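# A closer look at the structure
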Amino acid sequence: MKHNNNFDFLRFLFSFLVVIGHSIILSGKPEFWNDFLAAMPNYSVYSFFVISGFLIYSSFERLNDIKKYIRNRLKRILPAYIFIVIFFSVFLFIFSSTDITNYFSKDWIKYLGANLVFANFLKPCIPFVFTGNPECAVNGSLWTIKVEIMFYAFVPILYYFLAGKSLKTKNLILLILYLLSFTYGYFVGKYYNYEMAKQFPGSLIYFVSGMFLYLNLDFFKNNKTILLPVAIILGVSELYFLPITLVFPFALSIVIIWFAFTSIPLKNFGKYGDFSYGMYLVHFPIIQIFVQQGIYDKYSFFGLTASYIVVILSSVLIWKFIESPFLRKKLLK
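In this text the structure is predicted, and so the values were computed from the model without any measurement.

This next bit is on the overall build of the protein chain. Within the protein chain, the secondary structure is distributed over 15 helices and zero strands. The C-alpha atoms of the protein chain give a radius of gyration of 20 Å, which matches the 20 Å a tight globule of 333 residues would have. Taken along its principal axes, the extent of the C-alpha atoms in the protein chain is 65 × 50 × 45 Å. Looking at the protein chain residue by residue over its 333 residues, the buried ones come to 52%.

See the structure below:
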């Protein structure tokens, strides 16, 4: 399936939309503002969850080997993540407003520890860094990684639970999970906390939508000319005119999977590497540095373009020297 779809392009597109959205939000520059692009980080993350549901479940089904599955997931997510957390925790001393003793303090150790175990919500900021920025977080994008890991852990459990059941039963179980996830997200977001509503139970609605389309891929391909316009109409109508988004996650999933398998000549987009993950991990602290140094203030759109170039070049280097070498290694026998 890897070379017969447009998933590589979609991952790059969604990563770059996250970069654009965060550069708009974090810079606070009125001339950069665009409502549509500023909303893209959230919708791009949801799209990543859909793609993960489709690809991760299909990967586990293909392997049906828990050791290989764990090995592949660890190699894909950990090396670049650990590098980014450690690198910027040290590198940002250059941009701090204190000396080396105060910088590498107990708070720095807490930051490093919390972020290495995917709990960046416990310690998102390093003291004396980005204190003059609108947002002090070093890397506000990392919250999604713990959600992805929860998805990875959930897939084998769900797979073995669904094993031996008819497609109709599998679809019913996924529909129940979809509705439970929606219920959690709706009530937690309304009565408690929006950030909590986006976490694993709430975001599961997108993941199971991707799984559902994988399990019913033949039906989807045979009926895509009908399903696509219906999904667009219902999804957009609900998003703009209704107070809830019950149908939107599934509608978004249909659009994404349609694009992934449409006959647009983008199937070789990832020929030279998959830079999307590195771009996602590295962009936030780079943008924060540009904000702190006043580059957007001094150079406006030239500065904005420069930050995008730095992010893309960094993601290429991360792929070449960290991600790709580790993906070729055998971690488990």
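After presenting the structure, the write-up continues.
Moving on to the packing of aromatic side chains. Scanning all chains against the criterion turns up 42 aromatic pairs. Where F32 meets Y296, the ring centres are 5.8 Å apart and the plane angle is 90°; that geometry is what we call edge-to-face. With F32 in the loop between α1 (7–27) and α2 (35–38) and Y296 in helix α15 (residues 295–327), the pair connects residues that are 264 residues apart, well separated along the chain. Considered together, F32 and Y296 belong to a single accessibility category, that of buried residues. Where W258 meets F259, the ring centres are 6.3 Å apart and the plane angle is 65°; that geometry is what we call edge-to-face. Members of the aromatic cluster, joined through ring pairs, are F7, F54, Y57, F60, Y69, Y159, Y160, Y214 and F261. Above the plane of the ring of F261 lies K221, whose end atom (NZ or CZ) is 4.6 Å from the centre.

Before going further, it helps to spend a moment on unusual backbone geometry. Positive phi, normally seen in glycine, also occurs at N64, with a value near 50°. Within the element layout of this structure, N64 appears in the loop between α3 (40–63) and α4 (66–91). Located in the positive-phi region is F130, a residue other than glycine, with phi close to 60°. Tracing the backbone shows F130 in the loop between α6 (106–116) and α7 (143–162). Its relative accessible area of 0% is what places F130 among the buried residues.

Inside soluble globular proteins, nonpolar side chains tend to come together where they are buried. F7, F54, L92 and I257 are the most contacted members of the largest nonpolar core, which has 95 residues in total. The element best represented in this core is α3, accounting for 12 residues.

As a further point, take the state of the cysteines. Summed over all chains, the structure comprises one disulfide. With a sulfur-sulfur separation of 1.9 Å, C125 is cross-linked through a disulfide to C136. Between C125 and C136, the disulfide has an S-S torsion of 65° and is therefore right-handed. Of this pair, C125 sits in the loop between α6 and α7 while C136 sits in the loop between α6 and α7; the two residues are 11 residues apart in sequence, bridging distant segments of the chain. With a relative accessible area of 16%, C125 lands in the buried category.

Here is what the cut-offs are and how they apply
Residues numbered from 1 in each chain as written. Predicted model: local features only at pLDDT ≥ 70, side-chain atom pairs only at ≥ 80, totals over all residues. Heavy atoms only, no water. Helix = DSSP H or I, 4+ residues; strand = E, 2+ residues; numbered from the N terminus. Rg over C-alpha atoms; globule rule 2.2 N^0.38 Å. Buried < 20%, exposed > 50% of the residue type's maximum accessible area, 1.4 Å probe, protein only. Phe/Tyr/Trp six-rings, centres within 6.5 Å; stacked < 30°, edge-to-face > 60°. Lys NZ or Arg CZ within 6 Å of the ring centre and 35° of its normal. Core = buried A, V, L, I, M, F, W, Y, C linked by side-chain atoms within 4.5 Å. Disulfide = S-S within 2.5 Å.

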